[in-house]
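Fold and geometry: a report
Each chain, written out:
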Amino acid sequence: MTAASLSILLITAALAPALCRLSRRVGSLVVAAVPLALGGWFMAVAGDALSGSGFAETWTWLPELGIDLAFRVDGLAITFALLICLIGSGVLLYASSYLSDNPRLGSFMGVLTAFMAAMLGLVLADNLLLLFVFWELTSITSFLLIGFDHERERARWASVQALLTTGLGGLALLAGLIMLGLAGGTWTISELDAARVLESDLYTPIAVLVLLGAFTKSAIFPFHYWLPNAMEAPSPVSALLHSATMVKAGVYLVARLNPTMAGPLVWDESLAILGGVTMVLGAFLATRQDQLKRILAYSTVSSLGTLMMLLGLGAAKAAATYLLAHAIFKGCLFLVAGSLTKATGEKDPDRLGGLMSRDPVLGGAAIFAALSMAGMFPLIGFVGKELVIKAGLSHPEWATFATVGVVVAGALTVMAALLVGVRPFMLAPASGSDLEWRAAPGWRQLTLPVALAAVGIVAGLAPGLYAEPLVGGMVASITPSSVPAEIRLRWFELLWPPSTATFLSVAALGIGTALFAWRRLYRVATGPVARLEILGPARAYDGVLAGVTWIAARQTRIVQNGSLQTYVRVMLLVVTVVVGLALSRSLDLDLLPDVAGDATALEGMLILALCGAALAAVMQKTALATVACLSGVGFVLAILFAMYGAPDLAMTQFSVETLLLIIFVLVLFHLPKYSNLTSRAFRLLDIGVAGVFGITFGLFVVAVLAGEPTSSVAEFHAENAVPGGFGRNIVNVILVDFRAMDTLGEIFVIGVAGIGVYTMLRPRGTWRKEAAS
């Protein structure tokens with residue numbers, strides 16, 4: 001059923017544009033209903049997955065390499081699958097209203113559904129290479145979604161930045177996963193041998209490459225810059241990709257491989273240090289923004305850093321709880337920000353205010369989500385924050401670093417939450433702002449924000465309904481060797497009796513509220529620190545991109561300068577260097593006399609004639625004489641074919657050379673004589689390049705003749721031509737049977753070339769007549 005769910009989503013994605021073209025409202029509702037139905041199926045099987053049994057599906061993919069299409073549903077996979085399908089369905093419903101006046105609504109729904117299929121495949125994949133395929137598909141679909149408003153230059157730039165950053169990490173991840181499969185002895189993730197991987201000499205490069213891929217995907221420092229810029233995407237994209245799913249792909253990857261990779265310092269400390277830095281930096285930068293979505297984006301960066309730090313500290317329970325809480329409150333707030341911007345045209349939260357009377361339903365959802373983000377009890381966000389603080393306090397080596405970082409980031413997150421979720425509804429707008437409430441969001445825009453706010457409330461008040469089972473399932477997947485007996489997320493048990501974590505949580509709440517109240521003074525005081533961001537990774541990205549562009553421009557001027565001679569020189573030199581390096585390691589020059597001594601007198605005469613014709617070709621003054629000499633080379637080769645028992649090839653060669661000679665005579669008869677258009681130095685250079693190329697490939701032929709083949713494809717062709725290919729002529733069977741696709745491709749190439757030649761040779765008057773008609 002896992003593969004069937006992916007197929008259903010992909011088919012829906014393909015049909016979405018047509019459905020929306022037939023009826024925008026009905027078509028969009030049908031598209032949104034598909035992931036909702038799949039979410040219902042995942043809920044039905046969640047009990048088995050969360051209990052630890054789970055289930056798997058496998059199909060043969062590349063049996064020669066031992067690679068299968070393997071899918072597995074366990075606690076971690078089922079939680080992500082539910083987030084993808086249920087939140088994704090609500091986002092599609094939201095988008096049908098949010099983009100109702102956009103003529104490309106169908107395309108948007110299709111690409112967003114395709115992204116959901118890619119993300120679902122990523123979390124269900126139980127094969128390293130299959131996981132990478134879906135990993136890259138999420139990057140490609142994300143690129144299309146971020147650049148959906150492709151008429152705007154800023155959207156195009158942001159989509160390219162996201163693709164280049166995550167694509168770089170994807171290349172590193174591919175190398176890391178291949179080495180992990182080799183070190184672990186299998187491509188199946190659930191069957192990786194942790195002891196074998198940890199003892200492997202490849203462990204360190206595996207850890208570095210895998211973490212590089214995860215950090216770029218989840219916007220971990222120093223790759224955090226792309227996520228805020230990705231807010232150029234429509235709000236539905238931000239709610240699904242940049243809060244609940246795609247940016248958590250890196251977190252998912254680390255959690256999935258944690259049972260295999262955790263332990264050594266290169267894994268744990270990298271996660272703890274870079275995660276902690278990202279947590280504090282993201283929270284600080286969030287408080288410096290003046291747009292709703294950018295505030296949420298930087299706070300998401302902070303939350304992703306928190307999750308990575310928790311995984312590095314081994315706090316699986318805290319990580320799983322906070323992951324679930326973050327998906328709930330951040331998805332809601334992104335949708336609220338989109339609705340506010342669409343309704344008022346204003347993005348600055350300080351210019352928004354008094355909107356509770358305009359839309360109390362939207363305001364209520366925003367306030368509850370913001371309070372959950374701030375860590376207010378009894379919401380699920382409070383439970384997540386308490387567990388994060390306790391995880392920092394309980395770690396023996398990183399207690400001070402983690403606790404101070406969590407409290408600082410927590411206070412700044414409170415400020416950001418109040419600014420986004422409370423300020424626009426409960427406080428008066430800034431003086432001088434002229435708000436225009438264009439239209440209240442309809443039920444399709446309100447359904448998911450209200451549902452997520454309600455889920456956050458219920459998860460906090462009654463965690464046993466779904467929060468505790470989901471968290472328990474994730475913990476069992478992340479740390480299968482030390483599964484706790486029971487997962488309890490009761491807020492009152494965390495609140496009473498009071499502990500150090502409780503006091504720190506209250507302190508963070510109070511400091512954040514004070515910072516929100518005096519935010520103008522805070523922004524003035526922190527201005528010099530914030531300006532240091534221009535020297536950070538974003539500036540480095542711009543510099544690297546500019547440097548690559550500069551090098552590419554200079555290289556193009558040299559290599560692609562419009563000169564055919566230059567193109568030929570470069571190609572010959574590159575091939576000569578590559579083949580020459582290979583020959584330098586394998587060629588035994590002592591074999592050269594033996595190979596030359598095997599030639600007969602007739603073969604020697606033909607070789608001399610061949611060399612003489614080739615030498616004469618470069619010494620002629622006219623194109624016609626040059627063609628005649630080159631045809632002489634072809635005729636000599638035809639004689640050699642006949643001598644070696646290939647009369648059919650010899651006849652073909654004779655026919656082709658004769659036909660080409662006649663065609664060239666007819667075409668070149670009217671061309672002028674050669675003229676010297678290059679200097680003597682360039683002609684000497686060409687002689688040198690041609691000479692080195694000829695000598696290199698001559699030695700290559702010697703190496704081939706001197707070698708002892710371990711197997712011969714000629715024997716296979718001879719044995720299978722008659723019974724398998726149903727032909728007596730081996731060459732013909734090779735062309736039409738063994739290499740049928742290659743021959744078909746060559747036919748297409750010749751056909752296209754013929755069409756091009758015919759087009760260029762048509763009389764000019766024909767074009768005028770057709771254009772007039």
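As the structure is a prediction and not an experimental result, all values here were calculated from the model.

About the thresholds
Residues numbered from 1 in each chain as written. Predicted model: local features only at pLDDT ≥ 70, side-chain atom pairs only at ≥ 80, totals over all residues. Heavy atoms only, no water. Helix = DSSP H or I, 4+ residues; strand = E, 2+ residues; numbered from the N terminus. Buried < 20%, exposed > 50% of the residue type's maximum accessible area, 1.4 Å probe, protein only. Contact = heavy atoms within 4.5 Å. Areas by Shrake-Rupley, 256 points an atom, 1.4 Å probe, with all protein chains shown as cover. Lys, Arg positive; Asp, Glu negative; His and termini not counted. Charge placed at Lys NZ, Arg CZ, Asp CG, Glu CD. Salt bridge = Lys/Arg side-chain N within 4 Å of Asp/Glu carboxyl O. Expected span 1.5 Å × (residues − 1). Pairing = 2+ DSSP bridges. Core = buried A, V, L, I, M, F, W, Y, C linked by side-chain atoms within 4.5 Å. Phe/Tyr/Trp six-rings, centres within 6.5 Å; stacked < 30°, edge-to-face > 60°. Lys NZ or Arg CZ within 6 Å of the ring centre and 35° of its normal. Disulfide = S-S within 2.5 Å. pLDDT = per-residue confidence, 0-100. Patch = residues over 30% accessible without salt bridge, like charges linked within 9 Å, V, L, I, M, F, W, Y side chains within 5 Å. Axes fitted to C-alpha atoms, helices over the stretch in contact; angles between N-to-C directions. Left-handed = near helix turned anticlockwise from the far one by under 90°. Nonpolar A, V, L, I, M, F, W, Y, C, P; charged D, E, K, R; others polar. Parallel < 35°, antiparallel > 145°, perpendicular 65-115°, else oblique. Arc of directions from axis to C-beta.

Overview of the overall build of the protein chain
In terms of regular secondary structure, the protein chain is built from 34 helices and two strands. Here the protein chain holds 773 residues, and the buried ones make up 47% of them. At a minimum sequence separation of 6, the contacts of the protein chain that also span at least 24 residues come to 77%. Split by element, the accessible area of the protein chain, about 36,800 Å² in all, is 69% carbon and sulfur. Here the protein chain contributes 47 positively and 47 negatively charged side chains, and the mean placements of these two sets differ by 16 Å.

Details of the pattern of salt bridges
Across all of its chains, the model carries 10 salt bridges by this definition. Between Arg 351 and Glu 346 there is a salt bridge; the shortest N-O distance is 3.2 Å. Here Arg 351 falls in the partly exposed class, since its relative accessible area comes to 32%. Among the ionic pairs, Arg 569 bridges to Asp 686, the shortest N-O distance being 2.5 Å. With Arg 569 in helix α25 (residues 564-586) and Asp 686 in helix α30 (residues 680-706), this residue pair connects regions lying 117 residues apart in the sequence. Using a relative accessible area of 12% as the deciding quantity, one classes Arg 569 as buried. With a relative accessible area of 24%, Asp 686 lands in the partly exposed category. Where salt bridges share partners, they join Asp 149, Arg 152, Arg 154 and Glu 232 into one cluster.

Comments concerning unusual backbone geometry
Between Phe 221 and the following residue, Pro 222, the backbone shows a cis peptide bond with an omega angle of 10°. Structurally, the position occupied by Pro 222 is in the loop between α8 (203-217) and α9 (226-229). Residue Pro 378 is reached from Phe 377 by a cis peptide bond, and omega for that bond is 5°. Despite not being glycine, Ala 219 shows a phi value in the positive range, around 55°. Counting through the fold element by element, Ala 219 comes out in the loop between α8 and α9.

Focus: helix α3 (residues 75-98)
Within an α-helix, residues lying three or four positions from one another point in the same direction, as the helix has 3.6 residues per turn. When the terminal C-alpha atoms of α3 are compared, their 33 Å separation across 24 residues agrees well with the 34 Å that a helix rising 1.5 Å per residue should span. Where burial is concerned, most of α3 is hidden: 23 out of the 24 residues are buried.

Digging into the side chain of Ser 28
Take Ser 28: it is sitting in helix α2 (residues 24-50). According to the relative accessible area criterion, Ser 28 is buried, its value standing at 1%. In this structure, Ser 28 is in contact with Cys 20, Ser 23, Ser 96, Met 109 and Arg 444, ignoring residues within four places of it in sequence.

Examining the pairing of strand β2 (residues 67-73)
As paired strands, strand β1 (residues 55-62) and β2 are joined by seven bridges and run antiparallel to one another. The residue of β2 that forms the bridge with Ala 56 is Arg 72. Adjacent in sequence and paired antiparallel, β1 and β2 are bridged by four residues, among which Gly 66 carries a positive phi angle near 70°.

Describing the nonpolar core
Counting 185 residues, the largest nonpolar core has Leu 120, Leu 257 and Trp 267 as its most contacted members. Considering every element that reaches this core, the biggest residue donor is helix α14 (residues 316-344), with 19 residues. For Leu 257, the contacting residues outside a window of four places in its chain are Leu 177, Leu 180, Ile 189, Leu 192, Val 210 and Trp 267.

What to know about the packing of aromatic side chains
Applying the stated criterion across every chain, the model contains 11 aromatic pairs. Centre to centre, the rings of Phe 377 and Phe 382 are 5.7 Å apart; their planes meet at 70°, and the pair counts as edge-to-face. On the accessibility criterion, Phe 377 (39% relative accessible area) is partly exposed. What links up through ring pairs into an aromatic cluster is the set Trp 41, Phe 42 and Phe 55. Sitting over the ring of Tyr 98, Lys 342 keeps its end group 5.4 Å from the ring centre. The cationic tip of Arg 519 hangs over the ring face of Phe 516; the distance from NZ or CZ to the ring centre is 4.5 Å.

Overview of the environment of Phe 382
Position of Phe 382 among the secondary structure elements: in helix α16 (residues 380-394). What makes Phe 382 buried here is its relative accessible area of 3%. Between the C-alpha atom of Phe 382 and that of Thr 141, which follows or precedes it by 241 residues, the distance is 34 Å.

Re the state of the cysteines
Each disulfide consists of one covalent bond between the sulfur atoms belonging to two cysteines. One pass over the structure, following the stated rule, counts zero disulfides. Counting only cysteine sulfurs, Cys 20 is the nearest neighbor of Cys 85, a cysteine outside any disulfide, at a range of 19 Å. The closest cysteine sulfur to the non-disulfide-bonded Cys 611 is located on Cys 629, 14 Å from its own sulfur.

Observations concerning the confidence of the model for the protein chain
When pLDDT is averaged across the protein chain, the result is 86; 90% of the residues are at 70 or more. Per-element mean pLDDT across the protein chain ranges from 52 in helix α34 (residues 764-772) up to 96 in α8.

A short note on a nonpolar patch on the surface
Together, Val 656, Leu 659, Leu 660, Ile 662, Ile 663, Phe 664, Leu 666 and Val 667 give the surface a local cluster of nonpolar side chains, amounting to about 710 Å² of exposed area. By secondary structure assignment, the location of Phe 664 is in helix α29 (residues 647-668). Assessed through its relative accessible area of 35%, Phe 664 is described here as partly exposed.

Brief notes about the packing of helix α6 (residues 153-184) against α8
The description of two helices packed together rests on the angle between their axes and the distance between the axes. One can describe the packing of α6 onto α8 by two numbers: an axis separation of 7 Å at closest approach and a directional angle of 145°. In this structure, the crossing between α6 and α8 has a hand that is left-handed. The residues of α8 that touch α6, namely those facing Thr 165, Thr 166, Gly 169, Ala 172, Leu 173, Ala 175, Gly 176, Met 179, Leu 180 and Ala 183, are Pro 205, Ile 206, Leu 209, Val 210, Leu 212, Gly 213, Thr 216 and Lys 217. When grouped by side-chain class, the residues that make up the contact of α6 with α8 number 11 nonpolar, six polar and one charged.

Quick look at the environment of Leu 182
Mapping Leu 182 onto the fold places it in helix α6. Sequence separation of Leu 182 and Pro 463 is 281 residues, and the distance between their C-alpha atoms is 42 Å.

So, the packing of helix α27 (residues 601-617) against helix α28 (residues 623-643)
Where α27 meets α28, the axes come as close as 8 Å, and the angle between the chain directions of the two elements is 160°. Looking at the two axes, α27 sits roughly antiparallel to α28. Handedness of the crossing formed by α27 with α28: left-handed. Contacts between α27 and α28 involve Leu 602, Glu 603, Leu 606, Ala 609, Leu 610, Ala 613, Ala 614, Ala 616 and Ala 617 on the former and, on the latter, Thr 626, Cys 629, Leu 630, Gly 632, Val 633, Val 636, Leu 637, Ile 639, Leu 640 and Met 643. Residue classes in the contact of α27 with α28 are distributed as 16 nonpolar, two polar and one charged.

Some points on α29
Between the first and last C-alpha of α29 there are 31 Å, a value that for 22 residues agrees with the 32 Å anticipated at 1.5 Å per step. Here α29 has its buried residues at Ala 650, Gln 653, Glu 657 and Leu 668. The arc that holds every buried residue of α29, seen down its axis, measures 60°, which confines them to one face. Looking at α29, the residues exposed on the side facing more than 90 degrees away from the buried face are Pro 647, Met 651, Leu 659, Leu 666 and Val 667. Where the residues of α29 are buried, they touch α28.

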